[in-house]
Amino acid sequence: MDANRQLSADTDSPGVDLLGMARRHWWLVLLMVGAGLLGAGQFTGMQQKVYESATSVLVSPLGNGQDANSTNGRTKGDINLDNEAQLVTSTTVATDARDLMRAAELPDELARHVRVEVPPNTTFLVITYSSGDARTAQAGSHAFAEAYLRNREESAKAEVAGRIAILNDKLNQLNASLLQINNRLANLRPTDPNRPNLESQRSTATSQINTLAGQLNQLLTTTISAGKIIRDADLPSRPVKPNKLLNLASGAMVGLLLGVGAALLRERLDQRVRRPSDLPRRVDVAVLAAVPGRVKPRLDDVFAPFGAGGRIFNRLRNEVLASIPAPHGADARVALAGQVVVVAGASRGAASTVVAANLAAAFARTGAETVLVCAHLPDSLVDTASVNRMLGVRSVPGLSDVLAGRFSLSSATQRAPRHPNLSVVTTGGTASAGGLLQSQALRDTLATLRERAAYVVVEAPSTATSADAQSLASLADAAIVAVELRRTRNTEVADAADQLRRVGTPLLGAVVLPRLAAPRGEERDGQEPVTVADDMTTVLEKLPPKEAEEPAAPKRIRTAAVPPAAGTAAKAAAGTAAKAAAGTAAKVAQAPAVPKRQTRTISVTRVNVDTAGENGADKRR
């Protein structure tokens, strides 16, 4: 069994179950998400509204040779759109746009509001202008697009004009040179040896003049088109910032992350046992059985044998029997007879009571004689489960009365009405039983119970409040720790395991229960319970006054018939008796009425008050 438990512990993920953690701390996560949404709403309200308007511009090739694309350009055509996008935000274009907008801001300030995008595989420029006013955004986008096209057109025209001027200068030079050549040829004789050379120069000059003239004619007839606006800026109907949906979603996400982080921190700081898998992972204690949350433990009865809880404790019984080692070479039935199992709670509460009662019932269902010994004085008579209520037995006499010598063990052992093979020894009513659990009388009592029963289940006090559990475990064959989820701390389980292991008793593991709900105090016929601390005079004063009893009616005396032969003596005797009866009746009528004795029942509840003695032991009075 230990190998299987170790394997299950190793297979548990060392990480934290985030989903289960968020489910346990859902209120914290929800609070953080709400705070994130609230913060996002406040941030949205504080943000300045921003409107955007975009203008799409088609960039056309100029056709004058100045649109040559660079090696690293965006497109492979005649236009370098990367250069054109930079040109839109240049100071020259911004200055022209400011003039068109009639704005008072500096050109560089206006250029910061411009964003230029180039759609892939197109010759378009999307010029977007941002502003706090919708009309300003529309005017700014249109102005920058218009200024860009004007600047590009003016630049192209200036370039063409410059080239035309250069061609005219070259033509003038060539015409002057050709005129000189023609004048020299006119003065030479036909047989002059220099004539062929001059004719060749004239032919070259004429050819150059014709070429330049063709280029000049082409420039003069070229139509310059820098581009056009294919989609003008629209008046934005709503701002692009703040984006309420995006801000709220971001706030909720941030709140969710903070909530999960806070839940994780709270999970780490909280030392309470949250789930059964915490025990083998954090305190190295195997889990013998775990009652799921949907199976609510009953505080007035044990689990039904064929119910979900009953099946869990039946499996627990089998594991306990398999875990107790039998002596080598001995019969298993003989070796397992008279085994003592101690059930101790790791923390205050009724967990040990529920586990011990159900485990004892599971042992009794096998047909073997089982004794449940209650050595756990409850912390309170109101908020804990009671073995008396669960198994239907009397509270006294019990173990403390036996150890104090007031009753014998046989008289303190009660048969459970609903479980034929189960006997119960309750806690008892002796108030001065503080140190009796470590006495020789307890050892003798357990030895006697070993001889009488096959299984003895001892409900020990909590290891967190008393050292009696360790003393009882030293007299037992095995020990079990009862753990209550969301109440027992990991340190308490580790301390309980350490206490039980120090006395040499095998610790079989832990039985995990969901958090137990405290039962309500029982009312007695609708009246408040009277405690011993109340003054008896005050109690008697609360009793109703006695009612006066009505006077008793006179009794009829039936006389027997007297035969005539009786004579005068009989009549005289009868007359004398009648007079005596009449006198007695008259005296009774004149005497005052005596009221009947009335019986009044006073409910007295014994309250256990724990006080620490000088030596650290618990004293109960």
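Our subject is the structure listed above.
Conventions adopted
- Residue positions are counted from 1 within each chain, in the order its sequence is given.
- Local features are withheld for residues below a pLDDT of 70 in this predicted model, meaning they are given only at 70 or higher, and side-chain atom pairs are given and counted only at 80 or more; totals for whole chains, interfaces and linings count all residues.
- As a rule here, side-chain values come from all non-hydrogen atoms in the structure, and water together with hydrogens is ignored.
- The working definition used for a salt bridge is a side-chain nitrogen of Lys or Arg within 4 Å of a carboxyl oxygen of Asp or Glu.
- Only DSSP runs of H or I covering at least 4 residues are called helices, and only runs of E covering at least 2 are called strands; the numbering of each starts at the N terminus.
- Using a 1.4 Å probe on the protein chains alone, a residue whose accessible area is under 20% of its type maximum counts as buried, one over 50% counts as exposed, and one in between counts as partly exposed.
- Only the stretch in contact is used when a helix axis is fitted, and all axes are lines through C-alpha atoms; the angle between N-to-C directions ranges over 0 to 180 degrees.
- Our angle categories are set so that under 35 degrees counts as roughly parallel, over 145 as roughly antiparallel, 65 to 115 as roughly perpendicular, and the remainder as oblique.
- Left-handed describes a crossing in which the near helix is turned anticlockwise from the far one by less than a right angle; the clockwise case is right-handed.
- Any two residues whose heavy atoms approach within 4.5 Å are treated as being in contact.
- Between 30 and 60 degrees the pair is tilted, below 30 it is stacked and above 60 it is edge-to-face, where a pair is any two Phe, Tyr or Trp rings, Trp via its six-membered ring, whose centres lie within 6.5 Å.
- Polar contact is defined as a pair of N or O atoms within 3.5 Å, subject to the rule that within protein one atom must be able to donate a hydrogen and the other to accept it, and that residues adjacent in sequence are counted only when both atoms are side-chain atoms.

Visitor: Which parts of the structure should I look at to understand the pattern of salt bridges?
Guide: One side chain can pair with another of opposite charge once the charged atoms of both are near each other. Overall, the coordinates contain 15 salt bridges when judged by the stated rule. Across the pair R152 and E84 runs a salt bridge, and its minimum N-O distance is 3.4 Å. A residue pair is termed long-range when its members are at least 10 positions apart, and R152 in helix α7 (residues 134-187) and E84 in helix α4 (residues 81-88) qualify at 68 residues. A relative accessible area of 11% places E84 in the buried class. One connected set of salt bridges, linked through shared partners, spans E52, R115 and E117.

Visitor: When you look at the packing of α4 against α7 in this model, what are you seeing that I'm missing?
Guide: For any two helices packed against each other, the geometry is given by the interaxial angle and the distance between the axes. Taken N-terminus to C-terminus, the directions of α4 and α7 make an angle of 120°; their axes are 10 Å apart at the nearest point. Relative to α7, α4 is oriented oblique. As for how α4 packs across α7, the hand of that crossing is right-handed. Along the contact surface, α4 presents E84, L87 and V88, while α7 presents F144, Y148, N151 and R152.

Visitor: How should I be thinking about the packing of aromatic side chains in this particular structure?
Guide: Geometrically, a pair of aromatic rings is defined through the distance of the ring centres and the angle of the planes. Per the counting criterion, the structure on display carries three aromatic pairs. Between F363 and Y455, the aromatic rings sit 4.5 Å apart at their centres with planes inclined by 20°, giving stacked as the arrangement. Of this pair, F363 sits in helix α13 (residues 351-364) while Y455 sits in strand β10 (residues 455-460), placing them 92 residues apart in sequence. F363 sits in the buried class, given a relative accessible area of 1%. The buried category is assigned to Y455, whose relative accessible area is 12%.

Visitor: Looking at this structure, how should I read the side chain of T426?
Guide: By the secondary structure assignment, T426 is in the loop between β9 (422-425) and α17 (440-452). A polar contact of 2.8 Å, which involves the side chain of T426, links it to the backbone oxygen of S395. From its side chain, T426 meets the backbone oxygen of P397 in a polar contact 3.4 Å long. Leaving out residues up to four positions away in the same chain, T426 has contacts with C374, N388, V393, R394, S395, V396, P397, G398, L399 and Q414.

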